[in-house]
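# Residue-level structural notes
The chain contents come next:
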Amino acid sequence: MFKKSMKKPLALFAAASLAVIGLTVPASHAASSTIQVYISADTNIQDLWVKTLVPAFKLAYPGYDVNVTFDLHGDHDAQETAKITAAAVLHKDPGVDLIDGGFTTTLGAAGLLYRPTPGLMPNINDLNKTVLAAGKGGIPYRASSVLLAYNSTNVTTPPATLDDLLAWIKAHPGKFTYNAPNGGGSGYSFVQTVIDKYLSDADRKTLVVQAAPELQTKWAQGLETLRQLNKYTYGQNGTYPANNAETLKDLATGLVDMGTVWSDQFSSALKAGTMPANIKVTAIKNPSLTGGASYLGIPNSSVNKVGARLLANWVLSPAAQNLIVSGTLNGFPVIPLNKLDPVATAAFKGVDILNLRAGYLSANANDLKSKWASTVPGK
Amino acid sequence: MISLRSKKSKEGSLTTHGGGPSPRSLVGLALSLPPLLIVLIFVGLPILIGLTFSLGFTTGPNRVIAIIGQQIHKKNHWWGTLGAYNDVIHDSRFFGDLRLTIFVTVLSTTLVLLLALAIALYQRLIGGRKAAVLVTLSIVPLFVPVVISAWAIHTFYGGDGFMRTFFTHFGINFPTLTSTPSAIVIGTVWTSLPFAILMISSGLQAIPDALIESAKDCGASVFRVIANILIPLAKTPIIIAASFTSIGILGSFTIPLFLGPNQPTMLGVEISNFFGAYNRPQQSLVMAFIVFAIASGIAVLYVRSNIKSAKESGRL
């Protein structure tokens, strides 16, 4: 069908394009003065790193360059986890030296993260030991807590303990909601807190630091309490918002009078004007709602561990922690308040930062999300 | 009925007089090979690898996911293991989800076909400006991203949405439809209607006026014309619209996530839950293969109808 004169140039073109594709192999990792940082989070964290932390780090350590790759909302978490795992298994360069993302704990649980030691990273001595151990190599660098948000116009005295909250929910049907745990951390925190009400301190601690399938039978009582709340939560039919954003929307539009929210998402919403000023937050006790630390991770197979350690250690220093607390992020610091700027930390006077209740280890958390879905909604 | 089958001439055949493939057929094969290879390598191969992972083969390409995932069953026979399949079938959520998925798919596809037929027949038989406006309006959902439509429908039918607010003024307590299967049906019908209308209305437009007029001359009522002439002649586009709509609704994710209940939910959402939130990739693959099997059944109907129409028009 093709004339004889066309065949040669066609073959040449095919060979040339294959060669071009082959030659565009990404250049190997540059000299050790460049640190590759991968961030998987929301835009406020991107701003924190790109506009605040990285410029300050470069001022402190002028010999180093930091290259930030950003993935919005963790869309590519699964791929990045697989890429780093594959690189570790094949002993190749994973292309990243420091990770800030929700999947760091998954990598830590799989044993793929470098375990920091005080010898090489002295600032980790200031961290809460339990939170550090739960990271399994992950380095906590900021925290936010889940808090109880309430409409101060309709609720004059918010509940102070979990038992008070459960009683309030039953007394005001349809006025409280929490999102499904598999969709957002604020709803997950409420579920875990109700579960923890019936567990001993020792059991709670075990579930935070190691996979404990044998302890999961003790979740039954908490799950039954949650199931009985189905006719009192918003909708009164055992349906729950899909994610954090929907809970915030329900609070802002006045559909519910109380809900669980992340402290930083709530502050950002207040600042942006999407949350009316009459919605306030409070912390409950016995047990308190869990807090989440965000972990940095240095993959074992990283080619610039020296630079990554330097950056991670600097992020834990009082200089960097002050930046995290005082900027638009309103994040919680992870080192003791007495090391920080007193003006910036005035807002945290009432909150016990270093004793934020930790969430379960990721393996147990995933099991809890699955158990909740099979025993609570719609039942 | 005059047979439309034409005789195959020797000149049109692809075999040479001496037997064996001609150079022409080889060139044809070589030209169609690249897209076929791409489909085989980028679609067929991952499906095969996924099948082996669901059966417990955790080495080779499945090594990484087996390290990350929880509740992984490794193979204990030469052919693998049914551990993951057992997990899914004995999971209390699965059959509820499957029932809801099939119910929503059948109901939505039926509603989409009825609506599309109604609008397309109105345009074919009566036509005019009103019909053109109706068809244009019903194509609009094609240009709205699914996430936006899901959220808009949520706002419209929600607890403080337009429907409830409107009916309150008349003292009627309109039900909150969000987080119910009804909202899923509304959402899927809304997003699937444009494609069905495009297919069916173009199929009906291709039927010559002469057939309709001669039927009416013989005394056929409008219903007879529709049932005995229009629908049978537009059978192929109707089957295409039905198969694509039902396969699309079968695996849908965004609409059931935002508009449906938490449990039971549709299998698309459940597969995502199992893979992401619960970190059980093997079990999510098993569910994906079950959806794949159902979709393949629908695809078989589509292919059979295609072959039949190709035979009737003499292409085969």
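From a predicted model like this one, the values you see are computed outputs, not experimental measurements. (Residues numbered from 1 in each chain as written. Chains lettered and ligands numbered in written order. Predicted model: local features only at pLDDT ≥ 70, side-chain atom pairs only at ≥ 80, totals over all residues.)

### A look at the overall build of chain A
Assigned secondary structure in chain A consists of 14 helices and eight strands. A buried classification covers 45% of the 379 residues belonging to chain A. Long-range contacts, defined as pairs at least 24 residues apart, comprise 77% of the intrachain contacts of chain A with a sequence gap of at least 6. (Helix = DSSP H or I, 4+ residues; strand = E, 2+ residues; numbered from the N terminus. Buried ≥ 20, exposed ≤ 12 C-beta atoms within 10 Å, placed from the backbone. Contact = placed C-beta atoms within 7 Å.)

### Looking at the interface of chain A and chain B
Listed by partner, the interface residues are 24 residues for chain A and 23 residues for chain B. Contributions of two or more residues to the side of chain A that touches chain B are made by helix 3 (77-90) and helix 14 (362-375) of chain A. Residue contributions to the side of chain A that touches chain B peak at six residues, all from helix 14 of chain A. Within the side of chain A that touches chain B, the residues separate by chemical class into 12 nonpolar, 11 polar and one charged. (Nonpolar A, V, L, I, M, F, W, Y, C, P; charged D, E, K, R; others polar.)

### Description of the domain arrangement of chain A
Residues and elements named next belong to chain A. One can read the domain layout of chain A as domain 1 (34-143 + 292-351) and domain 2 (144-291 + 361-375). Once you take the C-alpha centre of each, domain 1 and domain 2 turn out to be 27 Å apart. Across the boundary between the two partners, domain 1 contributes 14 residues, which contact 14 residues of domain 2. Mapped onto the side of domain 1 that touches domain 2, the elements with two or more residues apiece are helix 4 (104-109) and helix 5 (129-135). Of the residues contributing to the side of domain 1 that touches domain 2, the split by class is seven nonpolar, seven polar and no charged. (Domains from an automatic or database assignment.)

### A look at the packing of helix 11 (residues 235-250) of chain B against helix 14 (residues 281-312) of chain B
All names here are of chain B. With their axes 10 Å apart at the nearest point, helix 11 and helix 14 run at an angle of 170° to one another. The pairing of helix 11 with helix 14 is recorded here as roughly antiparallel in orientation. Facing Thr 236, Ile 239, Ile 240, Ser 243, Ser 246, Ile 247 and Leu 250 of helix 11, the residues of helix 14 in contact are Val 291, Ile 294, Ala 295, Ile 298, Ala 299, Leu 301, Tyr 302, Ser 305 and Ser 309. Partitioning the contact of helix 11 with helix 14 into residue classes produces 11 nonpolar, five polar and no charged. (Axes fitted to C-alpha atoms, helices over the stretch in contact; angles between N-to-C directions. Parallel < 35°, antiparallel > 145°, perpendicular 65-115°, else oblique.)

### Notes on the nonpolar core
Ranked by internal contacts, the top residues of the largest apolar core, which has 142 residues, are A:Leu98, A:Ala149, A:Leu311, A:Ala312, B:Ala116 and B:Ile200. Setting aside residues up to four positions removed in sequence, A:Leu98 forms contacts with A:Ile35, A:Val37, A:Leu296, A:Ile298, A:Ala308, A:Leu311 and A:Ala312. (Core = buried A, V, L, I, M, F, W, Y, C linked by C-beta atoms within 7 Å.)

### Considerations on the environment of A:Ile99
All names here are of chain A. You can see Ile 99 is positioned in strand 3 (residues 98-101). Here the alpha-carbon distance between Ile 99 and Gly 138, two residues 39 residues apart in the chain, equals 9.3 Å. Setting aside chain neighbours within four positions, we find Ile 99 in contact with Tyr 38, Thr 104, Leu 296 and Gly 297.

### With respect to the domain arrangement of chain B
How big an interface is tends to be stated in terms of the accessible area lost upon association of its parts. All names here are of chain B. Considered domain by domain, chain B is made up of domain 1 (21-89) and domain 2 (91-312). For domain 1 and domain 2, the distance between their C-alpha centroids amounts to 31 Å. Taken together, the contacts link 15 residues of domain 1 with 11 residues of domain 2. Counting residues per element, the ones that place at least two in the side of domain 1 that touches domain 2 are helix 1 (23-54) and helix 3 (83-89). Here the side of domain 1 that touches domain 2 gets five residues from one element, more than from any other, and that element is helix 3. The residue makeup of the side of domain 1 that touches domain 2, split by class, is eight nonpolar, six polar and one charged.

### Notes on the environment of B:Phe289
All names here are of chain B. Note on placement: Phe 289 falls in helix 14. Residue class for Phe 289 comes out partly exposed when judged on the 18 C-beta atoms lying within 10 Å of it. Discounting residues that sit within four places of it in the chain, Phe 289 has contacts with Leu 51 and Ser 54.

### Here's the deal with unusual backbone geometry
Note: most peptide bonds trans; most residues except glycine with negative phi. A cis amide bond, omega -15°, links A:Asn286 with the succeeding residue A:Pro287. Mapping A:Pro287 onto the fold places it in the loop between strand 7 (279-282) and strand 8 (291-297). Even without a glycine there, the phi angle at B:Ser179 is positive, about 60°. In this fold, B:Ser179 is placed in the loop between helix 7 (162-168) and helix 8 (181-205). The phi angle at B:Asn279 is positive, at roughly 55°, despite the residue not being glycine. Given 22 C-beta atoms within a 10 Å radius, B:Asn279 is considered buried.

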